[in-house]
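Each chain, written out:
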Amino acid sequence: MATVFKKPHALKDLSMHYCPGCTHGIIHRLVAEVIDELGIEGKTIGVSPVGCSYNNYEYFNCDMVQAAHGRAPAVGTGVKRANPDNYVFTYQGDGDLAAIGTAEIVHAATRGEKITTIFVNNAIYGMTSGQLAPTTLLNQVTTTSPFGRKPEVHGFPIKVSEMISTLEGAVYVERVSVHDIKNIINAKKAIKKAFKVQMANKGFSMVEVLSTCPTNWGMNPTEALRWLQDNMIPFYPLGNFKGKDLEV
Amino acid sequence: MGQKLLMKGNEVIAEAAVRAGCRHYFGYPITPQTEIAHYMAKRMPEVGGVFVQAESEVAAINMVYGAASAGVRVMTSSSSPGISLKQEGISYSACAELPAVIVNIVRCGPGLGGILPAQCDYFQAVKGGGHGDYKMVVLAPSSVQELYEMTVEAFNIADKYRTLVMVMGDGILGQMMEAVEFKDKENIVAVDKSWAVTGTGMKRENNVITSIYIKPEVMEAHNNKLQAKYKLIEQNETKVEVYNCDNADVIVTAFGTVGRIVKNVIKTAEKEGIKVGLIRPITLWPFPVHAFEKYAQTPKAFLSVELNAGQMVEDVRLAVNGRRPVHFHGRTGGMIVTQQEILDKIKEIIK
Amino acid sequence: MAKVIFYEERCKGCKLCTTVCPKNIVVMDTSKLNQKGFHPAGVSDMEKCIGCAFCATICPDCVIEVEK
């Protein structure tokens, strides 16, 4: 019998710290599988954010750089500009990318930096225990919107993929999810295409991955996947926003 | 005999960086240093280098963080408010032990302040404007020639110790033109950068550049390592100019451009029978304490002259350690001290 | 015939794998606890396994290896 599924080489052989059922783990594996399948682990450099995945430099086998909160696209710009033959990805959460790091992601995209951003949107701040995020849905309860997110107090959630796709430099932008098998497979396809866009030197690529936070949503992992499907997807429609037909 | 040119300070800094092998510059416009970016925008493409105008000084320092992590010689430059924005990135870079050169062409503050020259960022530079126990080598040139020499030296120090080096001038230095003589070939110290993130090539364990160590024992060990490095830098890299101090009546301390003004005062005072010496720290950090060990008992008093409300004077007091009174005279807001003011203050002191 | 290997010490008992098995043979093994203090996931009836790897696909912690 042949092995048909095992841990990708680009992921280190150790247990990750994420909460039980947190889909960060799935997304890490998908990125690592793509790196393996494209055979680029030796040339890839990942940039870790600040947030739950701040120390994912401990989990990947490629060279890694940990960036200040929100600054991963700028750090990634520096790494890529230093050695353009390397492949650079940033892995960021919604607080990192869409709150403090909004300027950095917008400008890395509009400069067409040839890096790939994996943007994990779980509509909440996980690491710091459940605060309102830029992508928190209206009426969603968090530790800093205890009565539910209200526009007059907390403003409106940001649709990042739609926003970034308006920028010329962003040549591939797709929003995917990992809430079931079909979508996980689809998410991997999008991540692979994003890396291929970078390998073809076409410009900036980003995959927004809807993700869960069982702990801070206050649900068990299975309920969380359900909640994502029923609540996040209607507001954050899945699909391609840029570069659907890009040949890579 | 190298090439001799009449050049503007800001442009000399940029040319010096290129000559020092810097091929990556990330900048942002802010008076009075923006010509550095102008120059780099033209020059970098000529040498196959990278010039990026970042969206902010915060982004620029983080691009420096990325490029330095990848092992290349990299520089950014700004002026006071922009340097404030870079403080977080500076603290991160210090902790991650990243070699990089940061230029601050100081303008008057605080706040948006003004665009005229000042030295009011001394504390921020040497006491650390960012969080945590870190140090940054701070070089204070006083002429366009020194801007050139110290920018080249800054890259060597940065690489040698994996540290940040700030070249701190002021609006005068950045904007003025002076003759500068370039060497034919720069002394570029090559160092091992196998720690950099250049891709494992599947031939080595992965490199990680980080500034977080969540276990306290590990973080303390890392802090101790940094502090040991700073001790080494203090021993090897402290630079000072001691001028005319033997049996001086008053020893003036001043850095950068003000050091030159004081030299004129020394000549005038000499004619009036007053012997004035000058101790001019060239490295603001590490502060040249040893120079004060030698001369602490020599004068009646010390006088620190600065373009701020009194900053380096505190380090002078620490170095003199109570052995002599330490006076202060300064101007702020972009006003420049005059020779007459300094002379009057000296006379007042020795009365 | 296919086979599934569970690195039980890695399992955090999130149960996601039990929700996707087309043959409903992935169950939590309540007879034991792993180092993390969770009942690890396992397969009740290996013969029925078709090696689709759904369980492995949704597992966030690389607990599951599949052979076919």
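Remember, it's a predicted structure, so these values are computed and weren't measured experimentally.

Scoring rules and cut-offs
Residues numbered from 1 in each chain as written. Chains lettered and ligands numbered in written order. Predicted model: local features only at pLDDT ≥ 70, side-chain atom pairs only at ≥ 80, totals over all residues. Heavy atoms only, no water. Contact = heavy atoms within 4.5 Å. Core = buried A, V, L, I, M, F, W, Y, C linked by side-chain atoms within 4.5 Å. Buried < 20%, exposed > 50% of the residue type's maximum accessible area, 1.4 Å probe, protein only. Domains from an automatic or database assignment. Buried area = accessible area lost by both parts, 1.4 Å probe. Salt bridge = Lys/Arg side-chain N within 4 Å of Asp/Glu carboxyl O. Phe/Tyr/Trp six-rings, centres within 6.5 Å; stacked < 30°, edge-to-face > 60°. Helix = DSSP H or I, 4+ residues; strand = E, 2+ residues; numbered from the N terminus. Lys NZ or Arg CZ within 6 Å of the ring centre and 35° of its normal. 1 Å grid on protein atoms, 1.4 Å probe; cavity = no way out; pocket = protein on both sides within 12 Å on 5 of 7 lines; lining within 4 Å. Points joined across faces, edges and corners; volume = space filled by probe spheres on them. Nonpolar A, V, L, I, M, F, W, Y, C, P; charged D, E, K, R; others polar. Polar contact = N/O pair within 3.5 Å; in protein donor to acceptor, adjacent residues only side chain to side chain. Pairing = 2+ DSSP bridges. Axes fitted to C-alpha atoms, helices over the stretch in contact; angles between N-to-C directions.

### A short note on the arrangement of the chains
Of all 2 pairs of chains that touch, the greatest number of contacts is found between chains A and B. One thing to see here is that chain B and chain C don't touch, and their nearest C-alpha atoms sit 20 Å from each other.

### Quick notes on the nonpolar core
Generally speaking, nonpolar side chains in soluble globular proteins are found buried as a group. Counting residues in hydrophobic clusters, the biggest one holds 122 residues, and the most contacted among them are I164 of chain A together with F26, I36, M40, M75 and L284 of chain B. Counting residues domain by domain, this core receives three or more from each of domain 1 (4–237) and domain 2 (241–350) of chain B. Those residues in contact with M40 of chain B, other than ones at most four positions away along the chain, are A14, A17, V18, Y25, P45, F51 and M75 of chain B. In this structure, V120, V176 and V207 of chain A together with V20 of chain C belong to the second largest nonpolar core, which totals 45 residues.

### Some details on the interface of chain B and chain A
Every contact between the two is made by 35 residues of chain B and, on the other side, 32 residues of chain A. Buried surface at the junction of chain B and chain A, both sides included, amounts to about 2500 Å², of which 57% is carbon and sulfur. Three residues stand out in chain B for area buried against chain A, namely E55, N62 and N206 of chain B, and they jointly supply 21% of the buried area on that side. One can count 2 salt bridges joining chain B with chain A. Across the pair E55 of chain B and R111 of chain A runs a salt bridge, and its minimum N-O distance is 2.8 Å.

### Some thoughts on the packing of aromatic side chains
This model, assessed by the stated rule, comprises 12 aromatic pairs over all chains. Seen from their ring centres, Y122 of chain B and F123 of chain B are 6.2 Å apart, and the 65° between their planes marks the pair as edge-to-face. For F123 of chain B, a relative accessible area of 27% corresponds to the partly exposed category. Here Y230 of chain B and W285 of chain B contribute two aromatic rings whose centre-to-centre distance is 5.8 Å and whose plane-to-plane angle is 90°, an arrangement assigned as edge-to-face. With Y230 of chain B in helix α9 (residues 216–237) and W285 of chain B in strand β13 (residues 283–285), the pair connects residues that are 55 residues apart, well separated along the chain. Across this residue pair, the class does not change: Y230 of chain B and W285 of chain B are buried. One aromatic cluster in this structure is built from F60, F89 and F195 of chain A. Sitting over the ring of F235 of chain A, K159 of chain A keeps its end group 4.4 Å from the ring centre. We note R19 of chain B situated over the ring of F182 of chain B; from NZ or CZ to the ring centre the distance is 4.2 Å.

### Regarding the layout of surface pockets
Where empty space is left can be seen by rolling a probe of water-molecule size over the atoms. For the largest pocket, the calculated volume is near 570 Å³. Around the largest pocket, the lining is made up of 32 residues, and of these V50, Y54 and Q66 of chain A together with Y92 and I212 of chain B lie nearest the centre. At the level of elements, α3 (94–100) of chain A together with α5 (87–95) and α9 of chain B are the ones that each hand at least two residues to the lining of the largest pocket. Within the lining of the largest pocket, the residues separate by chemical class into 14 nonpolar, 15 polar and 3 charged. Computed from the structure, the second largest pocket encloses a volume of approximately 230 Å³. Forming the boundary of the second largest pocket are 19 residues, of which C108, G109, P110, C120 and D121 of chain B lie nearest the centre.

### What about the domain arrangement of chain B?
Residues and elements named next belong to chain B. By domain assignment, chain B separates into domain 1 (4–237) and domain 2 (241–350). For domain 1 versus domain 2, the separation of C-alpha centres amounts to 28 Å. Residue-level contacts link 32 residues of domain 1 with 24 residues of domain 2. On inspection of domain 1 and its partner domain 2, the count reaches 3 salt bridges. E178 serves as the salt-bridge partner of R260, at 2.5 Å between the closest nitrogen and oxygen. For the pair domain 1 and domain 2, the number of links is 16 residue pairs in polar contact (both at pLDDT 80 or more). For the side of domain 1 that touches domain 2, the secondary-structure elements that each account for two or more residues are α6 (122–128), β6 (137–139), α7 (144–161), β7 (164–170), α8 (171–175) and α9. Here the residues of the side of domain 1 that touches domain 2 sort into 21 nonpolar, 3 polar and 8 charged.

### Topic: the sheet that holds strand β12 (residues 276–281) of chain B
All names here are of chain B. Strand order in the open sheet made by the 5 strands is β10-β12-β11-β14-β15, with mixed pairing throughout. Of all the strands in the sheet, the pair left with one neighbour each is β10 (240–243) and β15 (326–330). Each strand axis lies, on average, 20° off the axis of its neighbour in the sheet, ignoring direction. Pairing of strand β11 (residues 250–253) with β12 involves 4 bridges; the strand directions are parallel. Each bridged residue has a counterpart across the sheet, and for I251 the counterpart in β12 is G277. Each of β11, β12, β14 (301–306) and β15 is contacted by helix α12 (residues 312–320), which is oriented at about 160° to β14, the strand it contacts most.

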